[in-house]
Amino acid sequence: MKYQRDILKNVEGYTPGEQPRVPGLIKLNTNENPYPPSPKTLEALHALTLDDLRKYPDPVSLRFREACARHYGVPGPEWVIAGNGMDELLALVLRTFVDPGDVVNATYPTYSLYEVLTSLHGCALEYIDLDDDFQLTDAHYTAQGRLFFLTRPNAPSGVAIPRADVERLCASFPGIVVIDEAYVDFSDDHCLDFPERFENAIVMRTFSKSYGLAGMRVGTAVARPELINEFMKTKDSYNMNAVAQAVGLAAIEDDAYVCEQVGRIRATRERLRKALLELGFSVPDSHTNFLLAYCAPEPGAEYLFQQLRQRNIIVRHFKSRRIDNALRITVGTDEECEALVAALREILAG
Ligand SMILES: Cc1ncc(COP(=O)(O)O)c(C=O)c1O
């Protein structure tokens, strides 16, 4: 294509999990929350006026950021930036802190969007393998890139490395460390105190998982004010629309609701893990709302994926090194997970 930019010649683009509109489909492929967001978010939607839509939104999402700062326990809104989903902030962190041609590091495996974003930005992503238990190794602590993407808890394994290891990484790494906490609400601890302790730490959050707001597109990043100021220079003027600001605010203020849904999902996760282990899968202990279930070589993950699909159950199968014989399964409702286990039992029984 004669109009194509050179940089795009080798970029495939990100492949999001499919969103088929099939009635009765059991959709366990994109780590959405099986429960609806807080009813307060609907009240916030109804309270919006036509004037709210007519006018430009607050360019810096101040009320929302103030609520986030309170919730996160950081000194004030100048420690938080809000965005159109975390994915926007992941792209923005490269635009803000990385020059084209620089080296960016990430663990392997990890969230595959980082690779797409770095190639679009014209820089190289150097992966450093996690060990067999999905833990950091000495090689991570000697990485020398401009920025490090660390997903904690890790996707797609679900494993959370110890906080002490994140500390060691922040202390040893010469550039920015992005701690992607997309799934942290399903875990036991978090790193929101890191920006106060490490000048290079940026913690990112999404409202797509624990808050059940994937369709609304709300994400945040927490960092020292001098880093947030740099972000403010590169973001779009109105990067968070008026509806998302109002809904995000209502969601973060209804902590009790989120805690209840997260508790339900964690309980289902443990039941599902036990059932998968009993079926012979090998499943790392997950601190997220999904499980990575390694299959026996026969019949193998690809076969199981296709068979589940024929039964109207979709999970995620990545054809990538180290994870190609595993299924990544989102924790759905108890009923959805029971249907999945029953289907797997039937398929494995041949
Ligand atoms: C590890 C990780 N980070 C970030 C995101 C993106 O979140 P958002 O929906 O806010 O763009 C996802 C979504 O799947 C994710 O898995």
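None of the values given here were measured: they were computed from a predicted structure.

So what's going on with the domain arrangement of the chain? Which residues, and what values?
Here the chain is partitioned into domain 1 (6-36 + 256-348) and domain 2 (39-254). Computed over C-alpha atoms only, the centres of domain 1 and domain 2 are separated by 24 Å. Facing the 32 residues of domain 1 at the interface are 37 residues of domain 2. Of the roughly 2800 Å² buried where domain 1 meets domain 2, counting both sides, 59% is carbon and sulfur surface. Ranking the residues of domain 1 by area buried against domain 2 places Tyr14, His287 and Arg322 at the top, with a combined share of 25%. Along the contact surface separating domain 1 from domain 2 lie three salt bridges. Salt-bridge contacts for Arg266 lead to Asp188; the nearest nitrogen and oxygen are separated by 2.8 Å. The tally of links between domain 1 and domain 2 comes to 16 residue pairs in polar contact (both at pLDDT 80 or more). Looking at the side of domain 1 that touches domain 2, the elements that each hand over two or more residues are α11 (255-278) and β9 (290-294). At seven residues, α11 tops the list of elements feeding residues into the side of domain 1 that touches domain 2.

How would you sum up the site of the ligand? Please name residues and give values.
Surrounding the ligand, one finds Gly85, Met86, Asp87, Tyr111, Thr151, Asp180, Ala182, Tyr183, Thr206, Ser208, Lys209 and Arg217. Contact distances for the ligand include 2.9 Å between an oxygen atom and a side-chain N or O atom of Lys209. A distance of 2.7 Å is found between an oxygen atom of the ligand and a side-chain nitrogen or oxygen belonging to Arg217. In a pocket analysis with a 2 Å cut-off to the grid points, the ligand is assigned to the largest pocket. In terms of residue class, the shell around the ligand is built from four nonpolar, four polar and four charged.

Can you break down the packing of aromatic side chains residue by residue, with the values?
Here the distance between the centres and the angle between the planes together describe a pair of aromatic rings. Overall, the coordinates contain eleven aromatic pairs when judged by the stated rule. Ring geometry for Phe148 and Phe173: centres 5.4 Å apart, planes at 85°, overall edge-to-face. Linking Phe148 in strand β5 (residues 147-151) with Phe173 in the loop between α7 (163-172) and β6 (176-180), this pair joins segments that are 25 residues apart in sequence. Each member of the pair, Phe148 together with Phe173, is buried. Through successive ring pairs, a cluster of aromatic residues spans Tyr14, Tyr111, Tyr114 and Phe149. Stacked on the ring of Tyr35, the Lys or Arg Arg264 has its end atom at 3.9 Å from the ring centre. Note that Arg328 overlies the ring of Phe290, its terminal NZ or CZ placed 5.6 Å from the centroid.

Lay out the layout of surface pockets with the relevant residues and their values.
Taken as a whole, the largest pocket spans an internal volume of roughly 1400 Å³. Of the residues forming the lining of the largest pocket, the biggest block, four residues, is contributed by helix α12 (residues 301-310). Considering only residue class, the lining of the largest pocket consists of 19 nonpolar, 18 polar and 13 charged. Two domains each put at least three residues into the lining of the largest pocket: domain 1 (6-36 + 256-348) and domain 2 (39-254). Roughly 360 Å³ of internal volume is contained in the second largest pocket. What lines the second largest pocket is a set of 18 residues, among which Arg63, Ala242, Gln245, Ala246 and Leu249 lie closest to the centre. Elements represented by at least two residues in the lining of the second largest pocket include exactly α1 (39-47), α3 (62-72) and α10 (242-253). Take the lining of the second largest pocket: its biggest share by element is six residues, from α10. Looking at the lining of the second largest pocket residue by residue, the class counts come to ten nonpolar, two polar and six charged.

Lay out the sheet that holds strand β3 (residues 103-108) with the relevant residues and their values.
In sheet architecture, strand pairing relies on hydrogen bonds along the backbone and comes in two forms, parallel and antiparallel. Spatially, the seven strands line up as an open sheet ordered β2-β8-β7-β6-β5-β3-β4, and their pairing is mixed. The two strands at the open ends of the sheet, each matched to only one other strand, are β2 (80-83) and β4 (124-129). Across this sheet, the average inter-strand angle for adjacent strands is 20°, counted without regard to direction. Sheet topology note: the β2/strand β8 (residues 219-222) ladder contains four bridges and is antiparallel. Counted as the bridge partner of Ile81 is Ala221 from β8. The strands touched by α3 are β2, β7 (201-206) and β8; relative to β2, the strand with the most contacts, the crossing angle is about 125°. The strands touched by helix α5 (residues 113-120) within the sheet are β3, β4, β5 and β6, with β4 carrying the most contacts at an inclination of about 150°.

How each quantity is defined
- Residues numbered from 1 in each chain as written.
- Predicted model: local features only at pLDDT ≥ 70, side-chain atom pairs only at ≥ 80, totals over all residues.
- Heavy atoms only, no water.
- Domains from an automatic or database assignment.
- Contact = heavy atoms within 4.5 Å.
- Buried area = accessible area lost by both parts, 1.4 Å probe.
- Salt bridge = Lys/Arg side-chain N within 4 Å of Asp/Glu carboxyl O.
- Polar contact = N/O pair within 3.5 Å; in protein donor to acceptor, adjacent residues only side chain to side chain.
- Helix = DSSP H or I, 4+ residues; strand = E, 2+ residues; numbered from the N terminus.
- Near = heavy atom within 4 Å.
- 1 Å grid on protein atoms, 1.4 Å probe; cavity = no way out; pocket = protein on both sides within 12 Å on 5 of 7 lines; lining within 4 Å.
- Sits in = over half its atoms within 2 Å of the grid points.
- Nonpolar A, V, L, I, M, F, W, Y, C, P; charged D, E, K, R; others polar.
- Phe/Tyr/Trp six-rings, centres within 6.5 Å; stacked < 30°, edge-to-face > 60°.
- Buried < 20%, exposed > 50% of the residue type's maximum accessible area, 1.4 Å probe, protein only.
- Lys NZ or Arg CZ within 6 Å of the ring centre and 35° of its normal.
- Points joined across faces, edges and corners; volume = space filled by probe spheres on them.
- Pairing = 2+ DSSP bridges.
- Axes fitted to C-alpha atoms, helices over the stretch in contact; angles between N-to-C directions.

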